[in-house]
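Observations on the three-dimensional arrangement
Residue-level listing of the chains:
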Amino acid sequence: MTQAVRVRNLVRRFTLRGVLNGVDLDIAKGEFVALLGRSGSGKSTLLRALADLDQEATGSGETVVPERLSVIFQDARLLPWKRVLDNVVLGLNGPDARRRALTALDEVRLAGRERAWPHELSGGEQQRVALARSLSRDPELLLADEPFGALDALTRIRMHGLLRQLSIVHNPAVLLVTHDVDEAIELADRVVVLEDGRIVADIAIDLPPDAAARAARFIALRRQLLALLGVHDALTEAA
Amino acid sequence: MNAQTPSPLGIAGEIPAPVLETLGVRLPPTADRARAQAGQHGRLGLGKPLAYGWLLGPALLIFYWSVGSASGYIDSRVLPAPWATVTTAIDLIRDGRLQANLAISAVRAGEGLFFGVMVGVAVALVSGLSLVGGYVFDGLVQMKRAIPTLALIPLVILWFGIGEAMKVTVIAMSVFIPIYLQTHNALRGIDIKYVELAESLRLSHGAFIRHVVLPGALPGFLLGLRFAVMGAWLALVVVEQLNATSGIGYMINLARTYAQTDVIVVGLVVYALLGLASDFAVRFIEARTLTWRRTLAR
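Residues numbered from 1 in each chain as written. Chains lettered and ligands numbered in written order. Predicted model: local features only at pLDDT ≥ 70, side-chain atom pairs only at ≥ 80, totals over all residues. Heavy atoms only, no water.

**Some words on the overall build of chain A**
From N to C terminus, chain A includes 8 helices and 9 strands. Along the first, second and third principal axes, the C-alpha atoms of chain A reach 50 × 45 × 35 Å. A burial count over chain A gives 50% of its 239 residues as buried. A fraction of 68% describes how many contacts in chain A between residues 6 or more apart in sequence connect residues 24 or more apart. A total accessible area of about 10900 Å² is found for chain A, and carbon and sulfur atoms account for 50% of it. Counting 31 positive and 33 negative side-chain charges, chain A places the averaged centre of each group 3 Å from the other. (Helix = DSSP H or I, 4+ residues; strand = E, 2+ residues; numbered from the N terminus. Buried < 20%, exposed > 50% of the residue type's maximum accessible area, 1.4 Å probe, protein only. Contact = heavy atoms within 4.5 Å. Areas by Shrake-Rupley, 256 points an atom, 1.4 Å probe, with all protein chains shown as cover. Lys, Arg positive; Asp, Glu negative; His and termini not counted. Charge placed at Lys NZ, Arg CZ, Asp CG, Glu CD.)

**A few points about the overall build of chain B**
Looking only at helices and strands, chain B has 12 helices and 0 strands in total. For chain B, the succession of helices and strands along the chain, N to C, is α-α-α-α-α-α-α-α-α-α-α-α. The burial tally for chain B puts 37% of its 298 residues in the buried class. Once local pairs closer than 6 in sequence are excluded, the contacts in chain B between residues at least 24 apart make up 70%. As presented, chain B carries roughly 17700 Å² of accessible surface, and 68% of it is formed by carbon and sulfur atoms.

**Focus: the pattern of salt bridges**
Applying the stated rule across the entire model yields 25 salt bridges over all chains. The partner of A:E186 in a salt bridge is A:R164, with the nearest N and O atoms 3.3 Å apart. With a gap of 22 residues between them, A:E186 in helix 6 (residues 181-187) and A:R164 in helix 5 (residues 153-170) connect regions that are remote in the sequence. Assessed through its relative accessible area of 29%, A:E186 is described here as partly exposed. Put simply, B:R108 and B:E240 hold a salt bridge, and the shortest N to O gap is 2.7 Å. On the criterion of sequence distance, the pair formed by B:R108 in helix 5 (residues 97-129) and B:E240 in helix 10 (residues 205-240) is long-range, its members being 132 residues apart. Judged by relative accessible area, B:R108 falls into the buried class, the value being 1%. In the salt-bridge network here, residues are joined through shared partners; they are A:R48, A:D75, A:R77, B:K193 and B:E196. (Salt bridge = Lys/Arg side-chain N within 4 Å of Asp/Glu carboxyl O.)

**Description of the side chain of A:E114**
Residue and element names in this part refer to chain A. Along the chain, E114 turns up in the loop between helix 3 (97-107) and helix 4 (123-135). Of the buried charged residues, E114 lacks a salt bridge, with R113 as the closest side chain of opposite charge at 7.7 Å. Looking at E114, its side chain comes within polar contact range of the main-chain nitrogen of G112, at 3.1 Å. Excluding residues that lie within four positions of it along the chain, E114 makes contacts with R83, V84, L85, L102 and L105. (Polar contact = N/O pair within 3.5 Å; in protein donor to acceptor, adjacent residues only side chain to side chain.)

**Things to note about the interface of chain B and chain A**
Counting residues at the interface gives 17 residues for chain B, matched by 20 residues for chain A. For the pair chain B and chain A, the summed buried surface comes to about 1900 Å²; carbon and sulfur atoms form 62% of the total. The interface formed by chain B and chain A contains 4 salt bridges. Linking A:D75 and B:K193 is a salt bridge whose minimum nitrogen-to-oxygen distance equals 3.3 Å. Applying the counting criterion to the chain B and chain A interface returns 8 residue pairs in polar contact (both at pLDDT 80 or more). Counting residues per element, the side of chain B that touches chain A draws most heavily on helix 9 (residues 192-200) of chain B, which supplies 6 residues. When grouped by side-chain class, the residues that make up the side of chain B that touches chain A number 7 nonpolar, 4 polar and 6 charged. (Buried area = accessible area lost by both parts, 1.4 Å probe. Nonpolar A, V, L, I, M, F, W, Y, C, P; charged D, E, K, R; others polar.)

**Focus on the confidence of the model for chain B**
Fine structural detail should not be taken from predicted coordinates in areas where pLDDT scores are low. All names here are of chain B. Averaged over chain B, the pLDDT score is 84; the fraction of residues at 70 or greater is 84%. Ranking the elements of chain B by mean pLDDT puts helix 2 (residues 30-37) last with 50 and helix 8 (residues 164-188) first with 94. Here residues 1-13 scores under 50 on pLDDT; set against residues more than four positions off or in separate chains, the count is 11 contacts. (pLDDT = per-residue confidence, 0-100.)

Okay, here's the thing in structure tokens:
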């Protein structure tokens, strides 16, 4: 199977929160897809449907996801009463669980902080622990729900580099929910735009290797995506 | 203030920093940094704790008591002077009455505490971790809560007689309530975010309870334990006034018969010290087991 995710005509309804009105989405193995959308467009609902986190939701449709999937939330969601290493080991099975956790912590450059309590880490470090926790499970699908939304701009840039590097090494299919257009273009192979519970655009990110051409293409994609999201930025228009 | 830091007024080192502050002069941030390094929090924190600060209140009480007694303002028949109480306590220790009664009281409170905590935790687990358990037990406990332990004593006496079993049962019943309430509340109050995390990590039900629910509920249980320890001593006072032939409460009761105010006061002070010491012990356990917490007080 070369496909990691297959969604057909997914409908979700809540009494309070967002809805999905017939979503079709395919993600190939190892493909990095960014899901853009305004607040309330249903992007988190789609991610949570794939992660099977909203059992109380009513709806219909078909979702096929790999057995090994892993979720990164906007908050690092570390258990405050467990040290860093124990947070990564949580739920890992097998005799080599600790070794895998240590390797993952090393990969996110947190070797040596295994014994720290979560509250002793910075926001970026906590999110790196969450990333290590996900990667140590060797996921076929990584679902990330605005994982860098709560981080400062500089930390976010560093996290982008780390996530890109690690997604090349581990090669999971990735669905990154974000409202940050630059982040989406920067990281993804493909950007899907969701509006009112429907996919309204599906754009391949084809940045050329040449620096000047790359910058021009980046700006063009940025303008196109912002327009889809209903934002008309004066600066982008001028460029 | 750091001598190398130029004062805004150009008179560094001549005017102490607090004076400058009251004059409305904004000091360079070195002062804030020094405070942060000393482990203190900012304006809304509690400041640096003193090691034995909690002794201030009791010390003030003893001070006013001494002044009142020495000046004759407090009649010694109403309340004996602190030094009279101390000599009485020494006498009671010399003839062994205090130790013997204290040991008996401590065993009663300890047994009641032990059984109360065991049953309280067990029922809270059943009631907190399963819906059916909650339906069966929670209403019953709330009903029991509405009945003061004192009101149950006649029934307990009919069931268990007037011996030790009755006393331990009454103490255990007063311990059970706070343990159950706080533990149950903490178990049911686990943040939904952690439940989602456990689901996304595919934790088994057992692992979820062991790694998420129980450690998450520990602060609640320990708070319940603090109430429970106090409850045990309070219940002890009540049961020892009833048909007891030993214990601190019996000692107090006997002293009342002979109008020995000093012995009564010694008994009360012993109760207070026991309560204080056991609360201290629970707080020590709290500090050791909840090192992961970051709170206003630390």
